[in-house]
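Architecture at a glance
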Amino acid sequence: MTYHTTRKGSARAMLEVVLGLMACLLAVPAAVAMNPQQPFHSYALDHWSVEEGLPQITVLDMTEDRAGFLWVNTQAAVARFDGARFVTYDRAATGVDTSMLAVAWADPKGGVWFGGAHGLLHEHDGRFTLLGGAAVNAIIDAGDGTPLLATSDGLKRVQDGRIVALDGYAGPAFSLLRDGRMLWIGGIGRVCRRDGSVQSAPMTCIDASQAQHQRMVVRHLARQGSQVWLGTQAGLMRVGGDQLAPAGLGDGLRAVSIESLLTDRHGVLWIGTVDALYRYLPDGRLERVADEDITQRPWVRALFEDRGGSLWLGTHTHGLYRVWNGWTRRVSTRDGVVDPLVWSVLRAPDGAIVFGTNSDVEVFDGKSVRTLIPGSALPDPSAYELYYDRENRLWVGTRAGIAVFDQGRDVTPKALSALSSWRIDDIREVAAGDFWIGTSGGLYRWRQGTLSRADPDASTAAAIIRSILPLALDHLYLGTEDGVRELRDGKLTEPSWAKPLRGHFVTRVAMLKPGLLGVATSDAGIGVVENGRLRMTSQADGLPSDNVWTFDVLGEALYASSAAGAWRLPLAQLPVPGSPARAVSPQRLAGEQRATSVNGQRCCNGGASARSAIDGDVIWYSTTDGIVGVDTRALGALPTAPPATVVAVEHDGKSFFGRSFELDQGTRDLTVHYTAPYLRIGTVRFRYQLEGYDTGWQNADLRREAFYTHLPAGDYRFRVAATLPGATGYGTEASVVIRILPRWYERVVVRAAGLVLLCLLLFLLVRWSMRRQRRRNAWLEAQVEQRTGELSRALERLRVTNLALAEESHTDTLTALHNRRYLMAQLPAVLSGDACIGVLQIDIDHFKHINDEYGHAVGDSVLRELGSELAALRRDSDVTVRWGGEEFLLLLQDVDAPGVLVIAERLRCDIAARTFRDGRGGVIRLTCSIGFSMHPLATRVDRATFDAALELADLALYKAKHLGRNQCMGLLASAPLSADVLRTPFAPQLDALLASGQLQWMRAGS
């Protein structure tokens, strides 16, 4: 298995170094550096220890490399910090011992140099090289971008990858300081200086007194103004002319071990001892940092100021701290605040900050805090709302009424005592002496010394007025606990755009800019109203919380406070009605959570209108721990997203560095590690894309690894970019080229040969298959022809059989005449014509006697012969049916009643004249009775009229038998019968129908 990494040329590398440094410098707001005028306790403080990934709690030294990573030396190993996580470089990761490295220095080319008891160690692009040599106690720039070393064996430098000695200094060196062209070297009992080149200039040394010499090791050097300070184990010293003298800064720095020494960019000297941390200001003040501001006995071993101006403290027992100016200034009990629970804050006409607490009203003049109005002078001690009117009188709204003070004197009008039952939430003066007052019990107006209720018809929730926005003298928008109301000329209404806010606690209503109205809520985010339309932005769109206590516009940014802290957002990024859906990314300024010092700045509080106050570039917020001022100048412009960097490509547990990675064997599972070093404040989020594999950008959020499995062979380019809350877009991308070489069976030649072979196999297979298919088709055709003939013959047999079965089902088996089933099948065709039909029923007289005397076999023989006789006598158009037993039915087509009678008589006579064999050699003579009728009986022809004709024929047959048998009898209708007659059986109404002439009998001779 082979791996390959490549690098660009040296010219491009130097250009990237310069561009990287410029980007880092431009990305750092100048105001981030620590303000020496602020007390230490007002700084922001962050802390990291082993729980956060630090290899060990003792930090020995730090440096920031060209890319912006912080390198931290601990007793256990070296760690690299990108602002969010630590990456440990121990012996297992580097192959060399990285423990107990006392000093660190980053060169301008991107390398980092470490020194310790085992000599010099160099890191570049994740690779560590041990150069060894004497113990290294300090490293600075030699003046040409290479390291200058203070070692146990004098001064040394690195040339062509080797450590070489420098002449002019004898004995061990422990500290180095470059001051312009001047180089200072700290040794044992002395400090030396060399002006000019580190090699050629003469050396001048200043020795300590004989009493101090042996125990004074100059381990740290710092310059403050024109003063050079020495940190020794015998205390803080200074260079005074041509001698070394005690610092003279107090007993706390006399005869104690100075563990660290640093002068920051503002000229503040930071001094670390085992017991305390000090800062010596340029104005001569010495401040001892209180234990509660860091920790008891902090033992600061290392001090480092990064390019952003933050101060890093490496301690012996408590890990790593970052101290920075912060964007906020907290004024609380340590500044003299009596009650830290603050409800309201306001800028006084004289520029002081007045704030109302749960116990009184206090004032901060920029240096100290004093009580302005004691709680005993207020209707209620809780100063919930503050307001200065046009006469500079201070109105104090409490939880139980209102008070007015002029130069500290109570001038409250008695009529305002009517508000003593209500909490005061907002006070607005719209004209001289004309005030609107929002309370928990409704909206009131104080004008010309008269107090009146302005919204008597408001509902309970809508009567709790939290915010007032005067648009004119008699035109207001009101933020209530039931949405927004509009008061115009004494009429209270709900604007149509405000209907979605009904039921929501509206905390503030104010203009964001001309034509753009802002609405803050306690539980639905912040809204923008433009041209009568409302657009809400909430936590689902990226806000830290749906709660917004208040907001202010300063410059081009929106500043808001909420239960989740204070944040800012460019006003142009706030979605307006009609704009496309998009997520917002506010910059968090202070909060309630304790994860970082930003969140540790407890904010925000307040329930009335005066929750914030603008004082120039500072916005003050009321909190549960005093007041917090957010310095928008310290914030500077919106943060610039940091450039991303690809750390390494990991494969099979090994990491590979460089701008390209090539893989030709093994698994195709890769992990790309990336980051964006950002030592300032902000949560870095990432997106990445593997070109040639991913279809688009992948949102990684906080994750700093990308995982890919089973990658196909090909050329890819991994791209990654980072962004910050509040930043506009993403920073400079980083990329690495990844090439997955094809395996032998994936190569073009092999695949081409395989494709040719496959095509040949397919061709042969197709030919064989086609030949086999032709044979198969011929056989199938023969089988089909054979089966088709057999099927045709079978179908013909089936057809004949079906015809025979049909005929058999319609034929009486005894007489070979048709049966009733046949008649029912043929009846529709018979009845479809217009011709008259004679309906005859024939019954053999006394046929039972034949069966009884001669047997049923003779009776059946008689019936067969009789059927043959009837079949011979019928016409082709007639229908002859064995109706049942010895009865037969004849249907005669196209005959009239006389014709039917003639045919019936002929049949009767023929049957009477015929002889039938009795089966014993003798003969049998028979007679028959015939009843007949005519069809149709009515003008409408259907099955019902045919059944009626059958019924008349049956009645006629019954009449013939009654008259003595062996005769023909007809029952005929003289005219078409009515429907009523046909619906009733004929037998019950026969006499009536005969009497009325509708029916009449017909017989021979009648």
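This structure is a prediction, so every number in the text was calculated from the model and none was measured.

**Remarks on the overall build of the protein chain**
The helix and strand tally for the protein chain stands at 13 helices and 74 strands. In terms of overall size, the protein chain is more extended than a compact globule, its C-alpha atoms giving a radius of gyration of 58 Å where 1006 residues would be expected to give roughly 30 Å. In terms of its C-alpha atoms, the protein chain occupies a principal-axis envelope of roughly 180 × 100 × 45 Å. By residue count, 51% of the 1006 residues in the protein chain fall in the buried class. Counting only contacts in the protein chain whose residues sit at least 6 apart along the sequence, the fraction spanning at least 24 positions is 52%. Split by element, the accessible area of the protein chain, about 45,600 Å² in all, is 51% carbon and sulfur. Separation between the mean location of the 107 positive side-chain charges and that of the 110 negative ones in the protein chain comes to 5 Å.

**Quick word on the packing of helix H8 (residues 847-854) against helix H9 (residues 856-873)**
Two quantities define a packed helix pair, namely the angle between the axes and the distance from one axis to the other. Between H8 and H9, whose axes approach to 6 Å, the crossing angle comes to 135 degrees. As the angle between them shows, H8 and H9 are arranged oblique. Residues Phe847, Ile850, Asn851 and Tyr854 of H8 pack against His856, Val858, Gly859, Val862 and Leu863 of H9. For the contact of H8 with H9, the residue count by class is six nonpolar, three polar and no charged.

**Description of the sheet that holds strand E39 (residues 424-431)**
An order of E39-E40-E41-E42 is seen for the four strands of this open sheet, with the pairing classed as antiparallel. The two strands at the open ends of the sheet, each matched to only one other strand, are E39 and strand E42 (450-453). Within this sheet the neighbouring strands show an average axis-to-axis angle of 20 degrees, counted without direction. Looking at chain direction, E39 and strand E40 (residues 434-439) are connected through six bridges and run antiparallel. Along E40, the bridge assignment pairs isoleucine 424 with threonine 439.

**Describing a positive patch on the surface**
Residues Arg767, Arg771, Arg774 and Arg775 make up a contiguous surface patch of positive charge. Here arginine 771 lies in helix H6 (residues 748-809).

**Details of the sheet that holds strand E5 (residues 78-81)**
Spatially, E3-E4-E5-E6 is the arrangement adopted by the four strands of the open sheet, whose pairing is antiparallel. Sheet topology places strand E3 (59-64) and strand E6 (86-89) at the edges, where each strand pairs with a single neighbour. Between one strand axis and the next, the sheet turns through 25 degrees on average, direction left out of account. Taken together, the five bridges between E3 and strand E4 (residues 70-74) define a ladder with antiparallel strand orientation. Bridge pairing in E4 links glutamate 64 to leucine 70.

**A short note on the nonpolar core**
Core analysis: the largest hydrophobic core is formed by 33 residues, its most contacted members being Leu840, Ile842, Phe888, Leu907, Leu926, Ile930 and Phe932. Looking at this core, the elements that each hand over two or more residues are strand E67 (837-844), H8, H9, strand E69 (887-893), helix H10 (897-913), strand E72 (928-935) and strand E73 (968-973). The element best represented in this core is H10, accounting for seven residues. Those residues in contact with leucine 926 that lie beyond four places of it in its chain are Ile844, Ile850, Val862, Ile911, Ala912 and Phe916. The next biggest cluster of nonpolar side chains, apart from the first, holds 30 residues, and it includes Tyr688, Ala700, Leu711 and Leu724.

**Description of unusual backbone geometry**
Between histidine 935 and proline 936 the backbone carries a cis peptide bond, its omega angle lying at 15 degrees. Mapped onto the secondary structure, proline 936 falls in the loop between E72 and helix H11 (943-962). Positioned with a positive phi, aspartate 489 is a non-glycine residue whose angle comes to about 55 degrees. With respect to the helices and strands, aspartate 489 occurs in the loop between strand E45 (483-488) and strand E46 (491-493). Accessibility expressed as a relative area gives 64% for aspartate 489, which makes it exposed.

**Some remarks on the packing of aromatic side chains**
For the structure shown, the criterion picks out 24 aromatic pairs. Ring geometry for phenylalanine 40 and tryptophan 270: centres 6.0 Å apart, planes at 65 degrees, overall edge-to-face. One end of the pair, phenylalanine 40, is in the loop between helix H1 (10-27) and strand E2 (44-48); the other, tryptophan 270, is in strand E24 (residues 269-273), with 230 residues separating them in the sequence. Ring geometry for tyrosine 688 and tyrosine 708: centres 6.4 Å apart, planes at 80 degrees, overall edge-to-face. With tyrosine 688 in strand E62 (residues 685-691) and tyrosine 708 in strand E64 (residues 705-708), this pair connects stretches of sequence that are 20 residues apart. Of the two residues, tyrosine 688 and tyrosine 708, neither departs from the other in class, the shared state being buried. One aromatic cluster in this structure is built from Tyr674, Phe686, Tyr688, Tyr693, Tyr708 and Phe718. If you follow arginine 80 out to its NZ or CZ, it ends over the ring of phenylalanine 69, 3.9 Å from the centre. Here the guanidinium or amino end of lysine 959 rests over the ring plane of tryptophan 1001, the centre of that ring lying 5.4 Å away.

**Quick word on a nonpolar patch on the surface**
Taken together, the side chains of Leu755, Leu758, Leu762, Leu765 and Trp768 present a nonpolar region at the surface, about 530 Å² in accessible area. Of note, leucine 765 is situated in helix H6. The partly exposed category is assigned to leucine 765, whose relative accessible area is 48%.

**Section: the packing of H9 against H10**
Between H9 and H10, whose axes approach to 12 Å, the crossing angle comes to 140 degrees. In terms of crossing hand, the pair formed by H9 and H10 is right-handed. Between H9 and H10, the contacting residues are Leu866, Glu869, Leu870 and Leu873 on the first element and Leu907, Asp910 and Ile911 on the second.

**Description of the state of the cysteines**
Inspection of every chain in the model, using the stated rule, returns one disulfide. The disulfide partner of cysteine 192 is cysteine 205, and the gap between their sulfur atoms is 1.9 Å. Disulfide cysteine 192-cysteine 205: torsion about the S-S bond near 105 degrees, hence right-handed. Here cysteine 205 lies in strand E18 (residues 203-207) and cysteine 192 lies in strand E17 (residues 190-195), a separation of 13 residues in the sequence. The class of cysteine 192 is buried, set by a relative accessible area of 0%. In this structure cysteine 836 is a free cysteine whose sulfur lies 19 Å from that of cysteine 968, the closest cysteine sulfur available. In this structure cysteine 836 comes out as partly exposed when scored by relative accessible area, which is 38%.

**Observations concerning the pattern of salt bridges**
The full count for this structure, using the stated rule, is 49 salt bridges. Note that arginine 279 is salt-bridged to glutamate 287, the shortest N-O span being 2.5 Å. Residue classification places arginine 279 among the buried residues on the basis of a relative accessible area of 2%.

**Comments concerning the side chain of aspartate 843**
Relative to the elements of secondary structure, aspartate 843 occurs in strand E67. When near neighbours in sequence (up to four residues on either side) are disregarded, aspartate 843 contacts Glu886, Glu887, Cys928, Ser929, Leu957 and Lys961.

The rules behind the values
- Residues numbered from 1 in each chain as written.
- Predicted model: local features only at pLDDT ≥ 70, side-chain atom pairs only at ≥ 80, totals over all residues.
- Heavy atoms only, no water.
- Helix = DSSP H or I, 4+ residues; strand = E, 2+ residues; numbered from the N terminus.
- Rg over C-alpha atoms; globule rule 2.2 N^0.38 Å.
- Buried < 20%, exposed > 50% of the residue type's maximum accessible area, 1.4 Å probe, protein only.
- Contact = heavy atoms within 4.5 Å.
- Areas by Shrake-Rupley, 256 points an atom, 1.4 Å probe, with all protein chains shown as cover.
- Lys, Arg positive; Asp, Glu negative; His and termini not counted.
- Charge placed at Lys NZ, Arg CZ, Asp CG, Glu CD.
- Axes fitted to C-alpha atoms, helices over the stretch in contact; angles between N-to-C directions.
- Parallel < 35°, antiparallel > 145°, perpendicular 65-115°, else oblique.
- Nonpolar A, V, L, I, M, F, W, Y, C, P; charged D, E, K, R; others polar.
- Pairing = 2+ DSSP bridges.
- Patch = residues over 30% accessible without salt bridge, like charges linked within 9 Å, V, L, I, M, F, W, Y side chains within 5 Å.
- Salt bridge = Lys/Arg side-chain N within 4 Å of Asp/Glu carboxyl O.
- Core = buried A, V, L, I, M, F, W, Y, C linked by side-chain atoms within 4.5 Å.
- Phe/Tyr/Trp six-rings, centres within 6.5 Å; stacked < 30°, edge-to-face > 60°.
- Lys NZ or Arg CZ within 6 Å of the ring centre and 35° of its normal.
- Left-handed = near helix turned anticlockwise from the far one by under 90°.
- Disulfide = S-S within 2.5 Å.

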